[in-house]
Amino acid sequence: MRQKLVVGNWKMVGSLAANLTLLTRIKQAAPALACEIAVCVPFPYLAQARSVLASSPVAWGAQNVSKQPQGAHTGEVAADMLIEFGCRYAIVGHSERRALYGETDDKAARKFAAAARAGITPILCIGETLEERERGVTAEVVSRQLHAVLAQVGVAAFAAAVVAYEPVWAIGTGKTATPAQAQEVHALIRACVAAGSAEVGAALRILYGGSVKPGNAGELFAMPDIDGGLIGGASLVAEDFLAICAAAS
Ligand code: PGA
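Everything numeric here is computed off the predicted structure, so don't read it as measured data.

Asker: Before we go on, may I ask you to explain unusual backbone geometry in this structure?
Answerer: Negative phi characterises most residues that are not glycine, and trans characterises most peptide bonds. For K11, which is not glycine, the phi torsion reads 55 degrees and is therefore positive. We note that S211 has phi near 55 degrees; this positive angle belongs to a residue other than glycine. Mapped onto the fold, S211 is located in the loop between β7 (205–209) and α10 (214–221).

Here it is in structure tokens:
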């Protein structure tokens, strides 16, 4: 039985004061919720997340990680550094990084490998653009993105990983995939991984992301292959994020 997981992706939003309020509310509510909860915060706030959440069931993580172990890579943050700050998760291959910061399938795969080597659970984001969906190549795009990583790290590495299906056209747009549309892609992702290992495929948690809100979370999470959500905008509002966590519980 896969435990539902709800991850907040704060993106480049936050301040020490606002974070303290948000993290404190999540920490207070978490013990009553049956799902696993995590927040992926901007790098400078990892120390704050650790200090507020240390004695709570809420995990924290980063939104990116270097593919390099250390050295002359100005501006990069290594997986071992994230471990020092108690990160359980690191998002890799988010569509904003793919579209705005040149993150290719290959880079996402290397980042996945770097996180996994350090003992951080990568949250690999994959998903098609609106143009790709309209052209009918969603399955092709998603399986290409997934296979690029599978080919580099091997299926066994997915035993300690999470995949997030995030249709690019649904991110921050208020347009959500219907539960049936999302389920179709989630089932495909699981089948791709299960083709390498039935056991790893069956245990893999596949999150849906893209305009998840309290009003649509329940129907999405009710689908058989949707194991929770990666939440952007709604993760910044404590009552919305907690309502989504409640829907996953
Ligand atoms: P959204 O973002 O919930 O604001 O659509 C999701 C994401 O980008 O992970």
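Having seen the structure, we can now continue with the description.
Asker: Explain the nonpolar core here, please?
Answerer: Across soluble globular proteins, nonpolar side chains have a tendency to be buried as a group. If you look at the biggest cluster of nonpolar residues, it comprises 67 residues, and the most contacted ones within it are L146 and F158. Setting aside residues no more than four positions away along its own chain, F158 makes contact with F112, L124, L146, V149, L150, V153, V163, V193, V200 and L204. In terms of nonpolar packing, the next biggest core, distinct from the first, is built from 13 residues, L5, A38, I91 and I123 among them.

Asker: Sorry if this is basic, but what is going on with the sheet that holds strand β6 (residues 162–165) here?
Answerer: One key point about sheets: their strands pair by backbone hydrogen bonds, in either a parallel or an antiparallel sense. Read around the barrel, eight strands follow the order β1-β2-β3-β4-β5-β6-β7-β8 and close on themselves; strand pairing throughout is parallel. Put simply, the sheet's adjacent strands are angled 25 degrees from each other on average, direction ignored. Direction of pairing for strand β4 (residues 89–92) relative to strand β5 (residues 121–126): parallel, over a ladder of four bridges. What sits directly across from I91, in β5, is I123.

Asker: When you look at the pattern of salt bridges in this model, what are you seeing that I'm missing?
Answerer: Side chains that carry opposite charge are capable of pairing whenever their charged atoms lie near each other. Under the criterion given, the structure shown has 13 salt bridges. E103 is paired through a salt bridge with R97; the nearest N and O atoms lie 3.3 Å apart. Judged by its relative accessible area of 5%, E103 falls in the buried class. Taking relative accessible area as the criterion, R97 reaches 24% and is therefore assigned partly exposed. D227 is the partner of R190 in a salt bridge, and the nearest nitrogen-oxygen pair spans 2.8 Å. Taken together, the positions of R190 in helix α8 (residues 179–196) and D227 in the loop between α10 and β8 (228–231) put the pair 37 residues apart, joining distant regions of the chain. Side by side, R190 and D227 carry an identical accessibility label, which is buried. Each of R2, R190, D225 and D227 takes part in one network of salt bridges that share partners.

What counts and what doesn't
Residues numbered from 1 in each chain as written. Predicted model: local features only at pLDDT ≥ 70, side-chain atom pairs only at ≥ 80, totals over all residues. Heavy atoms only, no water. Helix = DSSP H or I, 4+ residues; strand = E, 2+ residues; numbered from the N terminus. Core = buried A, V, L, I, M, F, W, Y, C linked by side-chain atoms within 4.5 Å. Buried < 20%, exposed > 50% of the residue type's maximum accessible area, 1.4 Å probe, protein only. Contact = heavy atoms within 4.5 Å. Pairing = 2+ DSSP bridges. Axes fitted to C-alpha atoms, helices over the stretch in contact; angles between N-to-C directions. Salt bridge = Lys/Arg side-chain N within 4 Å of Asp/Glu carboxyl O.

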